[in-house]
Amino acid sequence: MNKPLPNSIAAMDAAHQIHPHTNLRRHLETGPNELLVRGQGIQVFDETGKGYIEGAAALWCSSLGFGNERLAEVAKQAITDLGYYHNFRGSGTPQAAQLCSKLADIAPEGMDKVLLQSSGTEANDTALKLVWYYWDAMGEPKRRKIISRHEGYHGTGTLTSCLTGKTKFHEGYGLPFSDFHYVTMPYYYRKAEPGESEQQFSTRLAEEIEALILREGPETIAAFWAEPVLGSGGAITPPEGYFEKVQAVLDKYGVLFVVDEVICGFARTGEMWGSQTYNLKPDLICCAKALSAAVIPISAVIVGPRVFEGMMQQSDRRGSFTHGYTYSGHPVACAVAHEVLTIYEEMDLVTHVKSLEPTFLAGFKALEDHPLVGNIDGIGLIGALEIVADKDTRAMHDPALQIMPMLDRLTREHGLITRLIGNRIALAPPQIITQPEVEEMFARLKNALDNAVNNINA
Ligand code: PMP
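Residues numbered from 1 in each chain as written. Predicted model: local features only at pLDDT ≥ 70, side-chain atom pairs only at ≥ 80, totals over all residues.

1. Details of the overall build of the protein chain
For the record, the criterion: Here a helix means four or more residues in a row that DSSP labels H or I, a strand means two or more in a row labelled E, and each is numbered from the N terminus. Note that the radius of gyration is over C-alpha atoms, with the globule rule given as 2.2 Å times the number of residues to the power 0.38. Here exposure depends only on C-beta density: within 10 Å of a residue's C-beta, 20 or more other C-beta atoms make it buried, 12 or fewer make it exposed, and intermediate numbers make it partly exposed, the C-beta atoms being placed from the backbone. The contact criterion used is a C-beta to C-beta distance within 7 Å, with each C-beta placed from the backbone.
In terms of helices and strands, the protein chain carries 16 helices and 15 strands. The C-alpha atoms of the protein chain give 22 Å as radius of gyration, which agrees with the globular expectation for 458 residues (23 Å, within 12%). When its C-alpha atoms are laid out on the principal axes, the protein chain stretches across 70 × 60 × 45 Å. Across the 458 residues of the protein chain, 47% fall into the buried class. Here the contacts in the protein chain between residues at least 6 apart in sequence split such that 72% fall between residues at least 24 apart.

Okay, here's the thing in structure tokens:
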């Protein structure tokens, strides 16, 4: 049962909390949409006791769902044992050592060095520093330029906002800095030319990257940055041949490949890493979110041998590796993340996700002919459908209709939370979801879509 909240909680929130990605003036007036007070399995419950299937695992992160007592016990023990110690100047804790070792065991082959951080943004920011550090060590300090994709998302810190290819995170902040370049997102449904096959589209996008490298000068290009499946860009899977062709261009010019697995890591795409699903050769991997099932902040950069060699050369030259935060390798977070990885082993996470993938994709397939749906896309346990006004022309609805807020309201009424991105509805449920729960999630989504059609026609 939910404990009743004093009414003043919503008022406190409205008066004092600045919410990310929220209209601040409206929030002052209306307060929070809902207050979530409890969770169990794949559901969260608001203060009235209403339950919702969290179809997006909150922010693509609550891989083990909500309200996990086993993880609470582990955190309690780690706080009781020590609570905190750092890992600076060679100090350590068993929790951090054990986590790094376990992460190295499941990392793609050949990648066995781990730099712990506390968020996806920190992991990407650190990876960027490592890229520059590496090229400096190699005697090529002019290699500063970074290529990422429009609509790619890599965080909202000062530099990570520059990696992020969404202009709304640049505007008003005087960003991006120079040295950040963006290429076309691999979004076949909207970005392909008429008649262009997926392979042709992929070739064109790889050629665009090569042309950019040649225009800027290969001796100035440091790294290419990508999520295996674009997450906040719309849950968009790459078209056939895309990464194979891109990887060939990167190899040709010796450009480092940083793979942002903050969403795709830990079997989201059906293999442990999106890099394995798409056969990528990362030099650095950033991971976070499902690393701790999101119950405590922790992230990691997994460093491949090429960059690690450069880091060692730098630390020899300068006496030490000069980077680190107070909370990098926090023992409580490490203990929890280690337990999460143990749970993944016990449940055989990859096999579990693979066994659910057909039901998950069939859920989208069954909605493909729905009058509101223009496109479906998905892999593993991440996917999206795109809402259109006209299936043939792919035209979107009149903004005055406010179709996406309407769908958000209707899905919530049916007890489902999804992730809305532009005119796409993304689903990425907790990886512990079961087959009947996947079916229930899609049933609720279909009911909401049908209600929306009725509303439009009314
Ligand atoms: N990279 C990706 C791919 C992400 O999806 C996110 C967060 N949604 C980040 C980086 C940033 O992570 P955080 O919010 O933990 O800083």
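2. Comments concerning the packing of helix H9 (residues 198-216) against helix H10 (residues 242-253)
Basically, it comes down to this: Lines fitted to C-alpha atoms define the axes, with helix axes restricted to the stretch in contact, and inter-axis angles between N-to-C directions lie between 0 and 180 degrees. Any angle between 65 and 115 degrees counts as roughly perpendicular, while under 35 counts as roughly parallel, over 145 as roughly antiparallel, and the rest as oblique. For any helix crossing, the convention is left-handed if the near helix is rotated counterclockwise from the far helix by under a right angle, and right-handed if that rotation is clockwise. Throughout this entry, Asp, Glu, Lys and Arg are counted as charged residues, while Ala, Val, Leu, Ile, Met, Phe, Trp, Tyr, Cys and Pro are counted as nonpolar. The remaining residues, Gly among them, count as polar.
Axis separation between H9 and H10 bottoms out at 8 Å; the angle between their running directions is 20°. The pairing of H9 with H10 is recorded here as roughly parallel in orientation. Seen from above, H9 lies across H10 with right-handed handedness. Here Ser202, Thr203, Leu205, Ala206, Ile209, Glu210 and Ile213 of H9 lie close against H10, whose contacting residues are Tyr242, Lys245, Val246, Val249 and Tyr253. Along the lines of polarity and charge, the residues of the contact of H9 with H10 split into 8 nonpolar, 2 polar and 2 charged.

3. Comments concerning the site of the ligand
Our working rule: Any residue whose C-beta atom, as set from the backbone, lies within 6 Å of a molecule or strand is reported as near that molecule or strand.
Among the 15 residues in the neighbourhood of the ligand, the closest are listed as Ser119, Gly120, Thr121, Gly155 and Val262. Of all the elements, helix H6 (residues 120-137) adds the most residues to the shell around the ligand, at 3 residues. Of the residues that constitute the shell around the ligand, the class distribution is 5 nonpolar, 8 polar and 2 charged.

4. Considerations on the environment of Gln199
Tracing the chain through its elements places Gln199 in helix H9. The spatial distance from the C-alpha of Gln199 to the C-alpha of Pro239 is 7.2 Å, given a sequence separation of 40 residues. In contact with Gln199, other than residues within four places in its own chain, are Glu240 and Gly241.

5. As for the nonpolar core
Where we set the bar: Nonpolar cores are identified as sets of buried Ala, Val, Leu, Ile, Met, Phe, Trp, Tyr and Cys residues joined via C-beta atoms within 7 Å. The start and end points of each domain follow an automatic or database-based domain assignment.
Among the nonpolar cores identified, the biggest contains 133 residues, and Val131, Ala223, Val258, Ala300, Val301, Ile302 and Val336 are the most heavily contacted of them. If you count residues domain by domain, this core takes at least three from each of domain 1 (34-67 + 349-457) and domain 2 (71-347). Discounting chain neighbours no more than four positions away, the residues touching Val131 are Ala222, Ala223, Leu256 and Val258.

6. Let's talk about the pairing of strand S5 (residues 145-149)
Most of S5 sits inside the fold, with 5 of its 5 residues counted as buried. Burial along S5 is two-sided: Lys145, Ile147 and Arg149 facing one way and Ile146 and Ser148 facing the other are all buried.

7. Describing the pairing of strand S3 (residues 51-54)
Our working rule: Strand pairing requires that DSSP identify at least two bridges connecting the strands.
Note: strand S2 (residues 43-46) against S3, 3 bridges, orientation antiparallel. In the sheet register, Val44 faces S3, and the bridge partner there is Tyr52. A loop of 4 residues connects S2 with S3, the two strands running antiparallel in sequence, and Gly49 in this loop sits at a positive phi of about 95°. Here 2 bridges tie S3 to strand S13 (residues 416-417), and the two strands are oriented parallel to one another. In the strand pairing of S13, Glu54 is matched with Ile417.

8. Describing the domain arrangement of the protein chain
Segmenting the protein chain into domains produces domain 1 (34-67 + 349-457) and domain 2 (71-347). Taking only C-alpha atoms into account, the centre of domain 1 sits 27 Å from that of domain 2. Domain 1 puts 28 residues into the contact, and the matching count from domain 2 is 25 residues. Of all the secondary-structure elements, those providing two or more residues to the side of domain 1 that touches domain 2 are helix H3 (57-60), helix H14 (349-367), strand S11 (373-379), strand S12 (382-387) and strand S15 (424-427). If you tally residues by element for the side of domain 1 that touches domain 2, the top one is H14, at 6 residues.

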